[in-house]
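# Reading the structure
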Amino acid sequence: MKKLFLSISILSLLFTACESDDTADIVINNNGGTDNNNPSTDVIYLSGTQTADLTLKADKNYVLNGPLVMPAGTKLTIEPGTTVKALAEGTQVYIAILQGAQIIANGTASKPITFTSNAATPKAGDWGGILIMGKAPINRGATATSEVGNFTYGGADAADNSGVLNYVIAKYTGAKINADAEFNGFSLYGVGSGTTINNVEAYEGADDGLEFFGGTVSATNVVVINAEDDSVDWTDGWVGTLTNTYIKQKAEHDKIIEADNLDTNNTAAPYSNPTIKNMTVYGDITKYTDRGAFHLRRGTKAKFSDVYIKNAPYAFLIDNTTTIDNVISKELQATGVKLVDITTNLTVKGTSTSGKTITEADLYTTKEVSPIDLTSWTWVSL
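Okay, so let's go over this structure. Every chain is numbered on its own, with residues counted from 1 as its sequence reads. It should be noted that, the model being predicted, local features are given only for residues of pLDDT at least 70 and side-chain atom pairs only at 80 or more, the latter also being counted only at that level, while totals for whole chains, interfaces and linings use all residues. Side-chain descriptors were evaluated using all non-hydrogen atoms of the structure, hydrogens and water having been removed beforehand.

### Overview of the nonpolar core
We apply this condition: For our purposes a nonpolar core is just a set of buried Ala, Val, Leu, Ile, Met, Phe, Trp, Tyr and Cys residues, chained together by side-chain atoms within 4.5 Å. Buried, partly exposed and exposed residues are distinguished by accessible area as a fraction of the type maximum, computed with a 1.4 Å probe on protein chains only: under 20%, between the cut-offs, and over 50%, respectively. By definition, any uninterrupted DSSP run of H or I lasting at least four residues is a helix, any uninterrupted run of E lasting at least two residues is a strand, and each is numbered from the N terminus. The contact definition used throughout considers only heavy atoms, calling two residues in contact when any of these lie within 4.5 Å.
Formed by 71 residues in total, the largest nonpolar core has its most connected members in Trp234, Ile257, Phe294, Phe304 and Phe316. For this core, the element with the most residues is strand β25 (residues 302-319), which contributes 8 residues. Those residues within four positions of Phe304 in sequence are excluded, and the remaining contacts are Trp234, Ile257, Ile276, Phe294, Leu296, Leu332, Gln333, Ala334 and Thr335. Ile138, Ala181, Phe183 and Tyr189 belong to the second largest nonpolar core, which has 16 residues in total.

Here is the structure:
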């Protein structure tokens, strides 16, 4: 990635990078520059690899103008009410919390922490997003390398702690690297259960809202609005819990959930086997008949409960033999499902190992589930 050269008049901190990730060294400039949206305000620019703790304050005006990388032993602390604006330069701009580092972004309902685009007319894909690398187990090997940034993730510490995301909003993320790799709002690579993720929103992203690459982390009160690809995606053996998740997509967007165990080995251990509790889905993805709500494939397991799904070509697509076998063994189940304006409740591709074709009754039970009411979630952008 290109190095950034910035004029410095008041403060410049330049450190030697301790990761071979091709990013520039940390540059924090309070140089009287301007923010596109606030031209009379001094700007503190953020980019590069940090070698010491960094605190962002709510009364400062920050612009992310390159990759900001926090390596092992460092901590990024962000005060409630802080806004960080990213230059609309696509894949060149993102935040990465590496293994052994932490992010402490502990906002409040009245003072959420916001990451957004600095463009005058922001749009999905303006910048990358937030990446966190943990040391929790994955099924791609003892460790693996992230699809963006080439950072190491995974390990043997299921309780690994990468910090706190609480009342955090990420807007206009999802810059595309190539046909196979794009940034997400929140990319969680092997993140451990010691990490706290509550009250987070991915808003108008060009790729996924949240993607879990293995790990054991859980999240509560999750909102994904208009993710152009999948709202929630998992692979690599993720075994956490999602509680209270609200998702809304547009007609031209992709699936609500895309779930894998592992693409190259559908029976790899540990299995992807998350628990999804109380999820509300407003699909509006009727433009493409092959883009429905939950695409469960490549051997994933999961337990769903209290799921409300409205407006989609299909509610569930069960794809491939291993995934079908998991339905038959009751390791992929949905207890309490309410379907509204769904064209096809269940689509199945393939048969089980024994040749049995599954039915709706094999997968889920129905219930009068009430959708999540966001009116009390005052911090959410709609």
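### Observations concerning unusual backbone geometry
Backbone torsion omega between Ala269 and Pro270 reads -5°, so that peptide bond is classified as cis. Mapping Pro270 onto the fold places it in the loop between β22 (257-259) and β23 (275-282). In this model, Asn221 sits at a positive phi of 60°, which is unusual for a non-glycine residue. Its location among the elements puts Asn221 in strand β19 (residues 219-225). Judged by relative accessible area, which is 19%, Asn221 ranks as buried. In this structure, Asp306 takes a positive phi of about 55° despite not being glycine. Among the secondary structure elements, Asp306 is positioned in strand β25. When its relative accessible area of 25% is taken as the criterion, Asp306 is described as partly exposed.

### Considering the packing of aromatic side chains
Stated formally: Whether two aromatic rings pair depends on their centres lying within 6.5 Å, for rings of Phe, Tyr and Trp, where Trp uses its six-membered ring; planes under 30 degrees apart make the pair stacked, over 60 edge-to-face, and the rest tilted. We count a charge as sitting over a ring when the NZ of a lysine or the CZ of an arginine lies within 6 Å of the ring centre and within 35 degrees of the ring normal.
Following the criterion strictly, the structure yields 15 aromatic pairs and no others. Taken together, a centroid distance of 5.5 Å and an interplanar angle of 80° make the contact between Phe294 and Phe316 edge-to-face. Within this pair, whereas Phe294 is found in strand β24 (residues 294-297), its partner Phe316 is found in strand β25, the two being separated by 22 residues in sequence. Between Phe316 and Tyr364, the aromatic rings sit 5.4 Å apart at their centres with planes inclined by 25°, giving stacked as the arrangement. In this pair, Phe316 is assigned in strand β25 and Tyr364 in strand β27 (residues 364-366), connecting sequence segments 48 residues apart. Of the two residues, Phe316 and Tyr364, neither departs from the other in class, the shared state being buried. Ring pairs connect the aromatic residues Phe212, Trp234, Trp238, Phe294, Phe304, Phe316 and Tyr364, which therefore count as one cluster. When the ring centre of Tyr271 is taken as origin, the NZ or CZ atom of Lys301, which lies over that ring, is 3.8 Å away.

### Here's the deal with the pairing of strand β18 (residues 210-213)
Put simply, the rule reads: Strands pair, by our definition, only if DSSP identifies at least two bridges between them.
Side chains of β18 alternate between two faces, with Leu210 and Phe212 and Glu211 and Phe213 buried alike. In terms of strand pairing, strand β16 (residues 186-189) meets β18 through 4 bridges, oriented parallel. When the bridges of β18 are listed, Phe186 appears paired with Leu210. Relative to strand β20 (residues 232-235), β18 runs parallel, the two being bridged by 4 bridges. For Glu211, the partnering residue across the bridge sits in β20 and is Asp233.

### Some words on helix α1 (residues 321-328)
Put simply, the rule is: Throughout this description, a polar contact denotes any pair of N or O atoms lying within 3.5 Å of each other; where both atoms belong to protein, one of them has to be capable of donating a hydrogen while the other can accept it, and for residues adjacent in sequence the pair is counted only when both atoms sit in side chains.
Listing the buried residues of α1 in full gives Thr322, Thr323, Ile324, Asn326 and Val327. Elements that come into contact with the buried residues of α1 comprise β24, β25, β26 (332-349) and α2 (360-363). Where α1 begins, one side-chain oxygen reaches toward the backbone nitrogen of Thr322, 3.1 Å away; that side chain belongs to Asn320. Looking one or two residues past α1, Lys330 carries a phi angle of roughly 70°, positive in sign.

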